[in-house]
Amino acid sequence: MSNPLDEQELLGAAAQRFAVDIPLEDEFRPAFAALTKALRQEARLSAAGRTRTIERLIAQLGERAALAELERSEPAIAQLEVARPIVITGFPRTGTTLLHNLLARVEGLWAPPLWQLVAPAASAHDDDAWERAQRSETATMLDELYAAAPSFRSIHPMDPAWPDQCNWLLRKSFSTMANAFTWFVPGYVQFLSTCDMRPAYADHQRWLRALLHRRQRRLGAVPRLALKDPFHMWHAQALLAVYPDATIIQLHREPAQVVPSFASLCATLQTVDTDSPRRPAEIGRFCLYILGRGLEALERARQQLPADRFVDLSYRELVASPGAVLRKLGARLDFNAEGVAVEEAGEWLERNRQHKSGRHQYSLDDFGLTPEVIDEYFATYRSRFGPLLA
């Protein structure tokens, strides 16, 4: 490419590689432009990081081409209903991954595994060999990530067979704050904080229908979905506009623990594609900026949306009594959390107990932050949700 990470050149390369006329719909062009601009101007990509990023973006455009082809060949996909999904969210590092993996053990609920989220538009040759290949490619992706950022394994253990985050689907419309985990892109964060996310969630629904279509074809049933992404909290209004019968479970944890843990995660991931990483204090301010936009969105959503669309849950309660939490949620959300579900959840928790992959160590001071700064940023949040933080 003559101008790496140029929006038009990337789209042209994708059109040529995947033999499509329009590799990205107009409604997602602004997000793509905001991301590529921030990558050029703010992310400080190394030569190798730029090459990886270009390939990643073109591959995501290729996924869009695959989805469009799947929908043309299987028009019934558009009629599949995504009914009453359970959506887990909360600030990053609040126990959303734990709860998601526990709900994945409940009969009648389905939390799509990572290997399917990475490549949700199943090939026309979808068979056992294709599935093994997809699982293997996902495992290779994780091996490469952990090799490039070894400490990330202790921060966020992942496995191809485990459920993972909706941002794998939202990345394909270039509309997720998760990109700010990977790269230092404040301009892109500003864009996502002000844009209309309803088209991105309508697109998210297309991907979910593709996943449900494959599962129905192989197993003959359309399950109720258990979904998860911390950044759904930033866009709850758009999410509920597309999924009006969804229930959002919001996890809560003391911000003085959330902020440095989140900053440590971002600092770790952002070393992968740069040879000029930001100073820890810059990362700390960047993470506060992201979380600040989330606080504003959270306050708007909770004031304007029906209270019965939300279930608030304490991180401490979840970690201390996961079986009791599952039973309480089952009674509230109409799923069976007795017997095998609780037993299997307990077994999974024991196998994957926190710190099994090493302890994730961090402090506010590591990122140039103080308790006083946290107090100022999170005063309204603590006032609203204080009992769940104790």
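Up top you'll find the structure we're talking about.
For clarity, every value in this text was computed on a predicted model and none was experimentally measured.

Let us look at unusual backbone geometry. The phi torsion at Arg-84 lies on the positive side, around 45 degrees, for a residue other than glycine. Its relative accessible area of 38% is what places Arg-84 among the partly exposed residues. With a phi close to 75 degrees, Arg-93 is a non-glycine residue in the positive phi region. Tracing the backbone shows Arg-93 in the loop between β1 (86-90) and α4 (96-103).

Our next topic: the layout of surface pockets. In this structure, the second largest pocket encloses a volume near 290 Å³. Looking at the lining of the second largest pocket, the element that brings in the most residues is helix α14 (residues 280-304), giving five residues. Partitioning the lining of the second largest pocket into residue classes produces ten nonpolar, five polar and five charged.

Once that is clear, we can look at helix α10 (residues 186-194). Taken as a whole, α10 has its buried residues at Tyr-188, Val-189 and Leu-192. Along the long axis of α10, the arc covered by the buried residues comes to 105 degrees, so they all point the same way. For α10, the secondary structure elements touched by its buried residues are α2 (29-41), α9 (179-182) and α14.

Along the chain, Ala-119 falls in the loop between α5 (114-118) and α6 (128-148). Once the C-alpha coordinates of Ala-119 and Gly-12 are considered, the two residues, 107 residues apart in sequence, prove to be 22 Å apart. Beyond its immediate chain neighbours, meaning those up to four positions away, Ala-119 contacts Glu-63, Trp-130 and Gln-134.

Where α10 meets α14, the closest approach of the two axes is 10 Å, and the angle between their N-to-C directions is 5 degrees. By the angle between their axes, α10 is roughly parallel relative to α14. Residues Pro-186, Val-189, Gln-190 and Ser-193 of α10 form the contact with α14, whose own contacting residues are Phe-286, Tyr-289, Ile-290 and Arg-293. Classifying every residue of the contact of α10 with α14 gives five nonpolar, two polar and one charged.

Parameters at a glance
- Residues numbered from 1 in each chain as written.
- Predicted model: local features only at pLDDT ≥ 70, side-chain atom pairs only at ≥ 80, totals over all residues.
- Heavy atoms only, no water.
- Buried < 20%, exposed > 50% of the residue type's maximum accessible area, 1.4 Å probe, protein only.
- Helix = DSSP H or I, 4+ residues; strand = E, 2+ residues; numbered from the N terminus.
- 1 Å grid on protein atoms, 1.4 Å probe; cavity = no way out; pocket = protein on both sides within 12 Å on 5 of 7 lines; lining within 4 Å.
- Points joined across faces, edges and corners; volume = space filled by probe spheres on them.
- Nonpolar A, V, L, I, M, F, W, Y, C, P; charged D, E, K, R; others polar.
- Arc of directions from axis to C-beta.
- Contact = heavy atoms within 4.5 Å.
- Axes fitted to C-alpha atoms, helices over the stretch in contact; angles between N-to-C directions.
- Parallel < 35°, antiparallel > 145°, perpendicular 65-115°, else oblique.

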